[in-house]
Amino acid sequence: MKTDIHPKYQEVTVHCVCGNTFKTRSTALKIELEICSNCHPFYTGKQKLVDTAGRVERFRRRYAKAEEKPSKGKSTKAKS
Ligand SMILES: [Zn+2]
């Protein structure tokens, strides 16, 4: 192995937004996560939507509207 060309592989603490922290080793100095094994729905078994801008809500509303009226037009924008 050549010297002085490899980044330092050291122990770092990983911080998740849920408050969980754990240690691992990395060349990065700091690791911050939005989701980890402690809060991810796959591991918790609970439904948790990571919905930042109401996108899920908007999609549901639009989808409900689309179901009311069976498809007549292709797009809601096609008016002219
Ligand atoms: Zn987490």
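Up top is the structure these notes are about.
Residues numbered from 1 in each chain as written. Predicted model: local features only at pLDDT ≥ 70, side-chain atom pairs only at ≥ 80, totals over all residues.

### What to know about the sheet that holds strand S3 (residues 31-33)
- Read across the sheet, 3 strands follow the order S2-S1-S3 without closing on themselves; strand pairing throughout is mixed. Because the sheet does not close on itself, it has two edges, and the strands there are strand S2 (21-26) and S3. Here the average twist between neighbouring strands, direction ignored, is 30°.
- Across 6 bridges, the pairing between strand S1 (residues 10-16) and S2 is antiparallel. (Pairing = 2+ DSSP bridges. Helix = DSSP H or I, 4+ residues; strand = E, 2+ residues; numbered from the N terminus. Axes fitted to C-alpha atoms, helices over the stretch in contact; angles between N-to-C directions.)

### A short note on unusual backbone geometry
- Here the phi dihedral of Asp-4 falls at roughly 65°; this positive angle occurs in a residue that is not glycine.
- Here Asp-4 shows up in the segment before S1.
- Given 4 C-beta atoms within 10 Å, Asp-4 falls into the exposed group. (Buried ≥ 20, exposed ≤ 12 C-beta atoms within 10 Å, placed from the backbone.)

### As for the environment of Lys-8
- Within the secondary structure, Lys-8 is located in the segment before S1.
- Along the chain, Lys-8 and Leu-29 lie 21 residues apart, while their C-alpha atoms are 9.2 Å from each other.

### Here we look at helix H2 (residues 55-68)
- With 14 residues, H2 ought to run about 20 Å at 1.5 Å a step, and its terminal C-alpha atoms sit 20 Å apart, in line with that.
- In terms of burial, H2 is largely open, as just 0 of its 14 residues are buried. (Expected span 1.5 Å × (residues − 1).)

### A few points about the environment of Asn-38
- Within the secondary structure layout, Asn-38 lies in the loop between S3 and helix H1 (41-44).
- A tally of 14 C-beta atoms within 10 Å means that Asn-38 is categorised as partly exposed.
- It is 7.0 Å that separates the C-alpha atoms of Asn-38 and Asn-20, two residues lying 18 residues apart in sequence.
- Those residues in contact with Asn-38, other than ones at most four positions away along the chain, are Cys-16, Cys-18 and Asn-20. (Contact = placed C-beta atoms within 7 Å.)

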